[in-house]
Amino acid sequence: MKTYEKSRAKLADAKQVLAGGVASTLRGSMKPTPLYVESASGVIVKDVDGNEYIDYQLAYGPLILGHAHTGFNAKVSEALAKGITYGLQHDGEIELARRLTEVLPCADKVVLSGSGTEAVMLALRLSRAYTGKSKVVRFHGHYHGWSDSIFTSFPSPDMMQKATSAAANSVPPGTKGQSELSLQDVILLPWNDPEQLESTLREHAGSIAAVITEPVMCNSGCILPQPGYLEKMRELTRELNIVLIFDEVITGFRLSPGGAHGRFGMTPDLVTVGKALGGGIAVSAVGGRKEIFELIDSEQVSHLGTLNGNGVATSAALAVLELLTQNDAAVYGTMEGHAVQLASGIRSLFGKHGMRGVVNQIGPVFHMMFIDEDVVTHFDTFQKRNAARYAKFAELMLEEGVLVRPNGLWYLSTVHEAGHIEATLAAIDRVFARLTEGN
């Protein structure tokens, strides 16, 4: 039986000086307590109580190379020795920008920033400036960062329909403290509904600047686009002079070197990338059509940020791209093979223990849920999952030495191996037995 007394003590200490006790609100949801880390290497995390875990959380996505990767660390150390940031230009900016235009199919040019939230903010600003319009279409269950202008709560389409007519015409904010006016330009739609998408875009084409979408609905169920859905979105936005933005902060460099749009053969107008790009160092980018970036070239659109393109961030991103694309990017096949093995094994264990559940997987990412459904292809269905049971599952997995997010989203890295998968499935088998027994 693992103990977490040192982590509990450190959390109590942190709460005296750190609001919420954690540096990001999401981290406070871990049960039985948010963990404090002593060290991490490869896929193994060691906490301050001496417990070790196989890590499938991967810092919420950035650690596609795992922890403390020696090749990555060497490149970052070289950059540190030259100075972290200058407030001036350097070769790393040019090298990274050129590399991104090579691997991202839609990117004629790019701009660099520090986080996924910042990248989305710039993509929306560029879209409005380019089209001269103001409204933005986004979708139920998608996440595009925490800025006031796009951060909404996660109601399902069904919940919205049951709301009063007055409430139904407004978009619910994601947090207290947002400006009452911040979401007035957001139109919230169900995803994977081509008819409603088309009717909305045609009705409001004169005011819609952009459609922003996760190409795979990773944050809420790893739901794939229905056949032809993204293609229809691309056709409509091109016809109606609406900028199509793919938010690939999660899928970028995870589903392929060219992200989801490279894997699917799609060409959005703009793409936002982050997380895996930096391998754990804060960096993000927006890529897309050169005509849109001419607004920055001509200084009509401001793009600011003290640490944008700093030497450590650009070095980290270049190292990630180099390591992922070696040997014709063979590592993607290995990662996906391990993810398929793990996802298939979990499905088999659902059956073995007489439990209902779904695992939606693509590439080295999947969402696992306890749900009385055979398939989950829409957000309304995803909302029916037993979130409390999964949170208990995640807590029991900690006792078994496996670290997973309490919401059901799993990531695999380049350094997960078959042995890790086998050990994880054995742990799930034991946890399912406990859940079945009601322990």
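Residues numbered from 1 in each chain as written. Predicted model: local features only at pLDDT ≥ 70, side-chain atom pairs only at ≥ 80, totals over all residues. Heavy atoms only, no water.

Caption draft 1: Here's a closer look at the overall build of the chain. Within the chain, the regular secondary structure consists of 15 helices and 14 strands. Projected onto its principal axes, the C-alpha positions of the chain cover 60 × 60 × 50 Å. For the chain, long-range pairs separated by at least 24 residues make up 72% of all intrachain contacts whose partners lie at least 6 apart in sequence. Working note: accessible area of the chain is about 18,900 Å², and carbon and sulfur atoms make up 51% of it. (Helix = DSSP H or I, 4+ residues; strand = E, 2+ residues; numbered from the N terminus. Contact = heavy atoms within 4.5 Å. Areas by Shrake-Rupley, 256 points an atom, 1.4 Å probe, with all protein chains shown as cover.)

Caption draft 2: Structural context of the layout of surface pockets. Of the pockets and cavities examined, the second largest pocket occupies roughly 540 Å³. Along the walls of the second largest pocket sit 22 residues, with Glu93, Val110, Val111, Leu112 and His303 positioned nearest its centre. With four residues, strand β4 (residues 109-113) is the single largest residue contributor to the lining of the second largest pocket. (1 Å grid on protein atoms, 1.4 Å probe; cavity = no way out; pocket = protein on both sides within 12 Å on 5 of 7 lines; lining within 4 Å. Points joined across faces, edges and corners; volume = space filled by probe spheres on them.)

Caption draft 3: Inspection of the pairing of strand β1 (residues 37-41) at higher detail. By the bridge criterion, four bridges tie β1 to strand β2 (residues 44-47) in an arrangement that is antiparallel. Note that in β2 the partner of Ser41 across the bridge is Ile44. Here β1 hands over to β2 after two residues, with Gly42 in that stretch at a positive phi of 60 degrees. (Pairing = 2+ DSSP bridges.)

Caption draft 4: The nonpolar core, seen in detail. Within the largest apolar cluster, 59 residues are counted, with the highest numbers of intra-cluster contacts made by Leu100, Phe139, Leu201, Met233, Phe253 and Leu277. The greatest single-element share of this core, amounting to nine residues, is contributed by helix α11 (residues 311-329). Those residues in contact with Phe139 that sit more than four places away from it in its chain are Leu188, Leu189, Pro190, Trp191, Leu197, Val211, Ile212, Thr213, Tyr229 and Met233. Core analysis: the second largest hydrophobic core is formed by 30 residues, Val359, Ala394, Val402 and Val404 among them. (Core = buried A, V, L, I, M, F, W, Y, C linked by side-chain atoms within 4.5 Å. Buried < 20%, exposed > 50% of the residue type's maximum accessible area, 1.4 Å probe, protein only.)

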